[in-house]
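# Topology and contacts: notes
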Amino acid sequence: MSNLEKYDAVIIGAGNGGLTAAATLARGGAKTLLLERHNIPGGCATSFVRGDFEFEVALHQLSGLGTEKNPFIMRKIFNELGVMDKVEFVEEHHLYRMTIKDEFDITLPASWKGIREVLIENFPDEEQGIKDYMLLCERVVLESFMGFKAALKMNSEDMLMKNSKHYAEYGLRSAKSVLDKHFSDEQLKTLLAAYWCYLGQAPRNINFVDLAMMLYAYGVFKPWHIEGGSQALSNALLESFLEAGGEVQFNAAVDQIITDKSGDKPKVIAICTEHGDVYETEQVISNASSVVTFVDLLDTDELPEGISQDFKSREIGTSAFCLYIGLDCPPETLGIKNASTFMGTTMDEDLMVETMATLNPPVATMLTCYNVDDPSFAPPGKSQVSLLCLQYGKVWDDVPVEDYADTKYAFAEHLIEQAEEFFPGFRSHIEEIEVATPLTMQRYLNTPGGSIYGFIQNPEDGEIHRPRYDQVEGLHMAGCWQGMGGFQPTYMVGQSTAKAVLKKLKAQRLAEQDQTQTQDVKEPANV
Amino acid sequence: MSNQYITNKEQLLSNLVGYVESRELIAEREKIGSDFSEDKGKNTAEIAKLHPKRLNLEVTEIFQETPSTKTFRVRSARGALPPFQAGQYINLFVNIDGVETARPYAISSCPTHRDYYDLTVKIVKGGFVTNYLLNDVEVGQTFSATSPIGTFYYNPIIHGKKLVFLAGGSGGAPARAMIESVLSRGVDADFYLVYGNSFAEDVIFQDTFRALAQKHENFHVMEVISRPEEGYEGLTGYLTGELINEAVSGVDEVMFYVCGPTPFNDFCKSELKALSVADKRIRIECNGPPKNPSSIQNWPTEVSEEEMVTVKVRGKGEFKAQVGEPLLNSLERNGYFVENACRSGECSLCRVKLVEGEVFNPPEAKLRKSDETFGWVHSCVAFPTSDIEILY
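Residues numbered from 1 in each chain as written. Chains lettered and ligands numbered in written order. Predicted model: local features only at pLDDT ≥ 70, side-chain atom pairs only at ≥ 80, totals over all residues. Heavy atoms only, no water.

## A short note on the overall build of chain A
As a reminder of what qualifies: Numbering goes from the N terminus for both helices and strands, where a helix is a DSSP run of H or I of at least four residues and a strand is a run of E of at least two. Remark: exposure states derive from per-residue accessible area (1.4 Å probe, protein chains only) relative to the maximum for the residue type, with buried under 20%, exposed over 50%, and partly exposed in between. Residue contacts are counted whenever heavy atoms from the two residues lie within 4.5 Å of one another. Each accessible area is a Shrake-Rupley result for a 1.4 Å probe, and residues are judged covered by the shown protein chains and nothing else. By the counting scheme adopted, Arg and Lys are positive, Glu and Asp are negative, and His together with the chain ends is not counted. Charge placement uses NZ in Lys and CZ in Arg. For Asp and Glu, CG and CD serve respectively.
Check the secondary structure of chain A and you find 17 helices and 20 strands. For chain A, the C-alpha atoms occupy an extent of roughly 90 × 60 × 45 Å along the three principal directions. Looking at chain A residue by residue over its 527 residues, the buried ones come to 63%. When contacts within chain A are restricted to residue pairs at least 6 apart in sequence, those whose partners lie at least 24 apart make up 73%. By element, 49% of the accessible surface of chain A is carried by carbon and sulfur atoms, the whole surface being about 20000 Å². A gap of 7 Å separates the mean positions of the 44 positive and 77 negative side-chain charges of chain A.

Rendered as structure tokens:
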């Protein structure tokens, strides 16, 4: 082991949370070191090159940006992070198309008014329910940001019931129960619940506010993607970090978080990398999973009690099986008219969830084609799509390693068959294909079971029930393991965590200055 | 104080419909759940089953295949080696006279053999590492290596039922693995090997291929010698379009795998293009950095390969390097380690950021678009055409 430099803060992992944390710290004047086990920044927000294609790995629809005229929070955050002038955002014009075999095939536009019109046109008998539901979505979402937060801050029951009564009444109910309350048509309910895929849990197991949030955020503030893929934004965040004087090491996994255990609670003093390099620091922000951070990296003999207690009521969330496909034709050749398509053979929610825990043919898949809104995503005349289903990593526990390749190709065939059904001719246009299983996700994300959204997000796993960990002095989490998964939440949590650390560092500096000044005064007396 | 607050907060939140039920659920789950502490090391172990970061290998047997080629059979003291897809390679780390470097070698044995990998190495004129391996390495020597990696393999989803491998010289190594794998798994496909060599005595795995062709109706081998001795009775010349067309009918349904020295690969590609074979039906294995980068289009004509430039590594030091030498090689010769595997521009493990100066990126560099924007290059195929500063 060699003892090297001292840093104000060290970030473990250059995923979305790690990158926004790193950029925030460095731009805030902290001496910051970013350590990444892989050769490239981004974590999920990355790309890889095969043949003529650079495949987007994980970003399907970026939320929270808003338009220039009607900006939303991510525009402000990306400005603060210094990346708005480094990347181009591309607006998508549809929320999604959802098509269920023998049931329905409906496309929702990326407009709040437009969604309402399409829904009423397709389900005229449910007009009043549609209007009520959408109004409720809007109210619950806005209240969750404003009225509820204010009431929480003031600790006021009056304010809670007065300014966030819809949130109080419906926010934490299951999405399914609120859909059931408003609609009788199963098709309509299935259509409106499509975004459960981005949360990894069935509608009966997600909070209504989370589903409402997505419909509202994408509907009002539009879905976006990034020119050059999410890798471009990861690279831009890193650039912003480096410009501010941050230091980065790739191919440098962290092996251990070293603590001083003499006090009431362990206190971070240093970290050690896989190469045996030790860096002194009192502030570590981990973008690794909670499980890896506390079970594998933290040097205490036992898990801190509060952590252990929290973990006991947690389960590992879903991973995904994903095909990255380069097509030798433009999207329109196959009738792909919008970026995001949810496809399925059933509206049975239980069956969808059960299937995620098996190697049976998936009943719900998603196809994203970036070229619809951005032809630069593939060489002229070609296009790239990602075709995926959610799947739990444990499915692969029993597959012998020597059967791994055959098993993954066999499962990939199921997905292609489903795509073929909705987009006839699909298979014959495949030019490049790369198969990623939950084990691939595990390899690149280093998460248990290859989880892509962190712990399972049951209603009881929401942030409201899970206080931020403070059991280890100087160890902070920034990723999807203590909140929601996905791009916007992880970008945001990285920044807010780093802001809190900056505050601490500043307070520390002031305290030290005070001390030095006091000493300065004392010293002449001693002489 | 804080307890008081929490009680109040809980009280406040209990007004939210569903809140209390969730708290109760959490309390219940806490009683029966695990805190994952028994999973220490599990993630790493699970990943290492398929993709360990490093393999520790020992040479247990050496076979002289031809006068110019040896096969090194390597094993791990840990037993079974990771599975791989036939056609993939490992990157072998070597220390030659104090220089730490590495070279990728295709595994020539079939993936069904999990207890060893065969690495088949053919002499390369002036080859720094091949000369060392062929002349100095004996049984018992140990190496560190990456786990198997690479994108040159049979993909059952899209490669179809007619597979043609155009191999040149050492390209026979991945060809053997791929052919044995396809045949032993009973894949429903016709497989043709067209194998070009300069000299008749240099045909690697000649007996193996001939025996397989005898045994399997769906495998066909054709040997082609470009510099035959007098009296040689087999096919002679190069792997021309005409010859390929004769060997295999219906080339528009074929998936072609091309692996050999770079000039061989380039020749095969142009012949296949002339036969109107679509790009997507030609898979060419990458094969190291270009030997004469200054002959490539867009090379800055005012710079010669022999010139010397200064390479500064931010925070670490600086050294003099020759323009015509790949940056990764000069870094290694000056004692800087950069992770790497394919050494051909493809895998991106050796990515470094160009902070100052210019490098030449040949077409071999499969850069991500945004890497280009922000100055990240693949050092294994980057040529410094001015004084540069990098960071990694």
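## Looking at the overall build of chain B
Within chain B, the secondary structure is distributed over ten helices and 19 strands. Based on the C-alpha atoms only, the size of chain B along its principal axes is roughly 100 × 55 × 50 Å. In chain B, of all internal contacts separated by at least 6 residues, the share reaching a separation of at least 24 is 68%. About 17900 Å² of surface is accessible on chain B, with carbon and sulfur atoms providing 48% of the total. The average position of the 41 basic charges and that of the 53 acidic charges among the side chains of chain B differ by 5 Å.

## Considerations on the interface of chain A and chain B
The test is simple: The buried area of a pairing is the accessible area, by a 1.4 Å probe, that goes missing from both parts when the two are put together, added over both. Salt-bridge detection follows one rule: a side-chain nitrogen of Lys or Arg within 4 Å of a carboxyl oxygen of Asp or Glu. What qualifies as a polar contact is a pair of N or O atoms within 3.5 Å, subject to a donor-acceptor requirement within protein and to the restriction that residues adjacent in sequence count only when both atoms come from side chains. All residues other than Ala, Val, Leu, Ile, Met, Phe, Trp, Tyr, Cys, Pro, Asp, Glu, Lys and Arg, Gly among them, are scored as polar; the first ten of these are nonpolar and the last four charged.
Listed per partner, the contact involves 84 residues of chain A and 58 residues of chain B. For the pair chain A and chain B, the summed buried surface comes to about 6100 Å²; carbon and sulfur atoms form 55% of the total. As a salt-bridge pair, Glu239 of chain A and Lys353 of chain B come within 2.6 Å of each other at their nearest N and O atoms. For the pair chain A and chain B, the number of links is 30 residue pairs in polar contact (both at pLDDT 80 or more). Element by element, the count of residues in the side of chain A that touches chain B is highest for helix α15 (residues 404-422) of chain A, at eight residues. Residues of the side of chain A that touches chain B, tallied by class, amount to 39 nonpolar, 19 polar and 26 charged.

## Here we look at the sheet that holds strand β19 (residues 388-391) of chain B
All names here are of chain B. To be explicit about the condition: Paired strands, as defined in this entry, are two strands with at least two bridges between them according to DSSP. Here the axes come from fitting lines to C-alpha atoms, over the contacting stretch only for helices, and the angles between their N-to-C directions go from 0 to 180 degrees.
With mixed pairing, the five strands of this open sheet are ordered in space as β14-β13-β19-β15-β17. Edge positions in the sheet fall to β14 (317-322) and β17 (376-378), since each has one partner strand and no second. Strand-to-strand twist across the sheet, computed as the mean angle between neighbouring axes with direction ignored, equals 40 degrees. Direction of pairing for strand β15 (residues 351-356) relative to β17: antiparallel, over a ladder of three bridges. Counted as the bridge partner of Lys353 is Trp376 from β17.

## Section: the domain arrangement of chain B
All names here are of chain B. Rules: By convention here, the domain bounds are inherited from an automatic or database domain assignment.
Examined at the domain level, chain B breaks down into domain 1 (49-145), domain 2 (162-284) and domain 3 (298-391). Of the roughly 770 Å² buried at the junction of domain 1 and domain 3 (both faces included), carbon and sulfur atoms supply 47%. When the buried surface of domain 1 facing domain 3 is broken down by residue, Tyr89, Asn91 and Val99 rank first, second and third, together holding 38% of it. Linking domain 1 to domain 3 there are one salt bridge. A salt bridge links Glu339 to Arg54; the shortest N-O distance between them is 3.0 Å. Run the count over domain 1 and domain 3 and you get six residue pairs in polar contact (both at pLDDT 80 or more).

## With respect to the packing of helix α16 (residues 438-445) of chain A against helix α3 (residues 42-50) of chain B
Note the following rule: Each crossing gets its handedness from the near helix: less than a right angle anticlockwise from the far helix is left-handed, clockwise is right-handed.
Taken N-terminus to C-terminus, the directions of α16 of chain A and α3 of chain B make an angle of 115 degrees; their axes are 10 Å apart at the nearest point. As α16 of chain A packs across α3 of chain B, the resulting crossing turns out to be left-handed. Residues Leu439, Gln442 and Arg443 of chain A of α16 of chain A touch α3 of chain B, and the partners they reach there are Asn43, Glu46, Ile47 and Leu50 of chain B. Broken down by class, the residue content of the contact of α16 of chain A with α3 of chain B amounts to three nonpolar, two polar and two charged.

## Re helix α13 (residues 305-312) of chain A
Residue and element names in this part refer to chain A. Inclusion rule: Within this analysis, the arc is defined by the directions that extend from the helix axis to the C-beta atoms.
Taken together, the buried positions of α13 are Ile307, Ser308, Asp310 and Phe311. Mapping the buried residues of α13 onto a view down its axis gives an arc of 165 degrees, with all of them on the same face. Contacts made by the buried residues of α13 are with α12 (290-297).

## Remarks on the pairing of strand β4 (residues 47-50) of chain A
Residues and elements named next belong to chain A. Looking at chain direction, β4 and strand β5 (residues 53-56) are connected through four bridges and run antiparallel. Among the inter-strand pairings, Val49 is bridged to a residue of β5, identified as Glu54. Linking β4 back to β5 in an antiparallel pair, the connection comprises two residues, with Gly51 at a positive phi of about 55 degrees.

## Comments concerning the packing of aromatic side chains
The criterion, for reference: Stacked, edge-to-face and tilted are the three classes for Phe, Tyr and Trp ring pairs, Trp counted by its six-membered ring, which pair at centre distances within 6.5 Å; planes under 30 degrees apart are stacked, over 60 edge-to-face, the rest tilted. Charges are assigned to positions over rings by a cutoff of 6 Å between ring centre and Lys NZ or Arg CZ, combined with an angular limit of 35 degrees from the ring normal.
In total, this model carries 47 aromatic pairs over all chains according to the counting rule given. A ring pair is formed by Phe78 of chain A and Tyr491 of chain A, whose centres lie 5.4 Å apart and whose planes are at 80 degrees; its orientation type is edge-to-face. You can see Phe78 of chain A sitting in helix α2 (residues 73-80) and its partner Tyr491 of chain A sitting in helix α17 (residues 487-526), a full 413 residues away along the chain. A single burial state applies to Phe78 of chain A and to Tyr491 of chain A, both of which are buried. An angle of 80 degrees between the planes, with centres 4.9 Å apart, marks the rings of Tyr96 of chain A and Tyr195 of chain A as edge-to-face. With Tyr96 of chain A in strand β7 (residues 94-100) and Tyr195 of chain A in the loop between α9 (186-192) and α10 (208-221), the pair connects residues that are 99 residues apart, well separated along the chain. The residues Tyr96 of chain A and Tyr195 of chain A share a single accessibility class, namely buried. Here a set of aromatic residues connected by ring pairs shows up, and it is made of Phe294, Phe311, Phe455, Tyr469 and Trp481 of chain A together with Phe36 of chain B. Over the face of the ring belonging to Tyr392 of chain A we find Lys394 of chain A, whose NZ or CZ atom lies 5.2 Å from the ring centre. For Arg351 of chain B, the ring lying beneath its charged end belongs to Trp376 of chain B, and the centroid distance is 4.0 Å.

## A word on the sheet that holds strand β17 (residues 364-369) of chain A
Residue and element names in this part refer to chain A. Overall, mixed pairing links the seven strands, which are arranged β8-β7-β16-β17-β18-β15-β19 in an open sheet. In this open sheet, the two strands that pair with only one neighbour each are β8 (104-109) and β19 (430-436). The average undirected angle you get between the axes of adjacent strands in this sheet is 15 degrees. Looking at chain direction, β7 and β8 are connected through six bridges and run antiparallel. Each bridged residue has a counterpart across the sheet, and for His94 the counterpart in β8 is Pro109. Along the sheet, helix α3 (residues 112-122) makes contact with β7 and β8, crossing β8 at roughly 160 degrees.

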